[in-house]
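# Structural overview
Listed below, chain by chain, are the residues.
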Amino acid sequence: MSDSNELMLNRLLVIVQIILIPVYFIYFAVNWHDKLLLFFDNLLENANWLSPVLPHWMVVFLANYGIPIFFSLPWVLASILRATRIADAYTLMGRALGKVRIDQKLFYGLNAAFTLVFFVLPFGSPIITIIGIFVVMRMVMRKLLIGKFSKLSWIIPSLIISFYPSLIVIAFYINYIELMQVIMITWTSNIGAIFGIGLCLAISISLGNFFLFLFEGRSKFGSGEEVNEGLVLLLKAIFFSVFLMLYFSDGEQVVNIVNYIAVALAFFEMIVRRMKDMDSDSNTTKGIVMVIIFSIVNMMLKYLETIPNAKEFVQSLVIIVSGLIFFVLFILSYRYATDPELL
């Protein structure tokens, strides 16, 4: 089983997601309030028969609270009802990433966060809400009515319960094109900054790992002194701060030059580790593939500037792919979180 400190941290992560996801959708509710009111006004104008089930107070309630309640509900309920399993999944993730240093975990986690905020939550939550209602009602009704009614008896209650959430989902997806445009405009206008943050982190990791490699080489083949991983981590943090300031203060060209050096050093390190059989003592190179790809992509970007939207597409692709690696690992960890032998 996981130790108490590890368990406490993972449970804290679950609590954080329970708080932040509703806050995220409150932001959507504030920005979409007028559109929702307009949707319900048009709906009642063209379908007067809905007036009894959509009085004014209900319209106001749905416009103000519909998105935070209904879109957050699947995530919050799952986080509450499956809190222990999710916490155990984080534990398994930590152990699966145990051979990947904390800065590389931050790299993948950062890109996963960008992907979650811009794509997964806004476009996935509405349909997940409706599917979740039908799944839960099917489970409940089949337990309560088994042997008494048709196996399809859960459909009617599901339709009734999903009525108001469905209206919010319809209103949300009716504006899907506009929503997509807003998100994509926001994404593309900030992709340079988002990619730059990831790039500075990737370069810092590569340079820091090279210094760690030098320490390990001296420890293994030289004086035998222990590797000071804390010092290297501090060095990476300093590199990251400096490159970040340079990148956002017209020093992008300097960062790009350092990027060439970092990629060359990363490949040199991987080759020497293979030749000197150093991988068995350190797993620094494991899990860093996307970091190297990130840096290589940055080196190629100047050749894509002449192709419309190609630069933004490639930047987006590498961010999303590195984020998806994080999500896939979580799904696999959640799948096996019930196995006590793995905890």
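Just so it is clear, the structure is predicted and the values come from calculations on it, not from any experiment.

### A word on the overall build of the protein
- Of regular secondary structure, the protein possesses eleven helices and zero strands.
- Listed N to C, the secondary structure of the protein is α-α-α-α-α-α-α-α-α-α-α in terms of helices and strands.
- Looking at the protein residue by residue over its 343 residues, the buried ones come to 41%.
- A fraction of 82% describes how many contacts in the protein between residues 6 or more apart in sequence connect residues 24 or more apart.

### Observations regarding the environment of I325
- With respect to the helices and strands, I325 occurs in helix α11 (residues 310-335).
- Expressed as a C-alpha distance, the spacing of I325 and N111, which sit 214 residues apart in the sequence, is 9.5 Å.

### As for a nonpolar patch on the surface
- Together, L9, L12, L13, I15, V16, I19, L20 and V23 make up a nonpolar patch on the protein surface, roughly 700 Å² of accessible area in all.
- Note that L20 resides in helix α1 (residues 4-46).

### A few points about the confidence of the model for the protein
- Predicted confidence across the protein gives a mean pLDDT of 76, with 77% of residues reaching 70 or more.
- Helix α10 (residues 289-300) is the least confidently modelled element of the protein, averaging 67 in pLDDT, while helix α2 (residues 56-81) averages 87, the highest of any element.

### Re the environment of P126
- Mapped onto the elements of the fold, P126 is located in helix α4 (residues 102-145).
- Here the alpha-carbon distance between P126 and I170, two residues 44 residues apart in the chain, equals 8.8 Å.
- Not counting residues within four places of it along the chain, the set of residues in contact with P126 comprises F71, L121, V169, F172 and Y173.

### Considering the packing of α2 against helix α6 (residues 163-174)
- At a closest axis distance of 10 Å, the pairing of α2 and α6 adopts a crossing angle of 85 degrees. By the angle class used here, α2 and α6 are roughly perpendicular. Packed against α2, whose contacting residues are M58, L62, G66, I67, F70 and F71, the element α6 presents Y164, P165, I168, V169 and F172 at the interface.
- Tallied by class, the residues present in the contact of α2 with α6 amount to ten nonpolar, one polar and no charged.

### Considerations on the packing of aromatic side chains
- Evaluated as defined, the whole model comprises 13 aromatic pairs.
- Pairing F25 with F28 gives two aromatic rings, centres 6.3 Å apart and planes at 40 degrees, and the pair type is tilted. One end of the pair, F25, and the other, F28, are both in helix α1, three residues apart, so they sit about a helical turn from each other.
- Feature note: the residues Y24, F25, Y27, F28 and F71 constitute an aromatic cluster, connected by ring pairs.

### Looking at the environment of W187
- Mapped onto the elements, W187 comes out in helix α7 (residues 176-221).
- Taking relative accessible area as the criterion, W187 reaches 1% and is therefore assigned buried.

### A word on the nonpolar core
- Counting residues in each nonpolar core, the largest one holds 28 residues, and the members touching the most others are F25, F40, L54, I67 and F71.
- Elements that contribute at least two residues to this core include exactly α1, α2, α4 and α6.
- At eleven residues, α1 tops the list of elements feeding residues into this core.
- When residues no more than four places from it in sequence are discounted, the contact partners of F25 are I67, P68, F71, S72, W75, L121 and S125.
- In terms of nonpolar packing, the next biggest core, distinct from the first, is built from 22 residues, I183, W187, I194 and F195 among them.

### Observations regarding helix α8 (residues 229-247)
- Over its 19 residues, α8 extends 26 Å from the first C-alpha to the last, a length consistent with the 27 Å expected when each residue adds 1.5 Å.
- For α8, the complete set of buried residues consists of V232, K236, F239, F243 and Y247. Down the axis, α8 shows its buried residues gathered within 65 degrees of arc, on one side only.

### Thoughts on the packing of α8 against helix α9 (residues 252-276)
- Interaxial distance between α8 and α9 falls to 7 Å at its minimum, and their mutual angle equals 135 degrees. In terms of orientation, α8 and α9 fall into the oblique class. Along the contact surface, α8 presents F243, L246 and Y247, while α9 presents E252, V254, V255 and V258.
- The residue inventory of the contact of α8 with α9, partitioned by class, reads six nonpolar, no polar and one charged.

Reading guide: rules and limits
Residues numbered from 1 in each chain as written. Predicted model: local features only at pLDDT ≥ 70, side-chain atom pairs only at ≥ 80, totals over all residues. Heavy atoms only, no water. Helix = DSSP H or I, 4+ residues; strand = E, 2+ residues; numbered from the N terminus. Buried < 20%, exposed > 50% of the residue type's maximum accessible area, 1.4 Å probe, protein only. Contact = heavy atoms within 4.5 Å. Patch = residues over 30% accessible without salt bridge, like charges linked within 9 Å, V, L, I, M, F, W, Y side chains within 5 Å. Areas by Shrake-Rupley, 256 points an atom, 1.4 Å probe, with all protein chains shown as cover. Salt bridge = Lys/Arg side-chain N within 4 Å of Asp/Glu carboxyl O. pLDDT = per-residue confidence, 0-100. Axes fitted to C-alpha atoms, helices over the stretch in contact; angles between N-to-C directions. Parallel < 35°, antiparallel > 145°, perpendicular 65-115°, else oblique. Nonpolar A, V, L, I, M, F, W, Y, C, P; charged D, E, K, R; others polar. Phe/Tyr/Trp six-rings, centres within 6.5 Å; stacked < 30°, edge-to-face > 60°. Core = buried A, V, L, I, M, F, W, Y, C linked by side-chain atoms within 4.5 Å. Expected span 1.5 Å × (residues − 1). Arc of directions from axis to C-beta.

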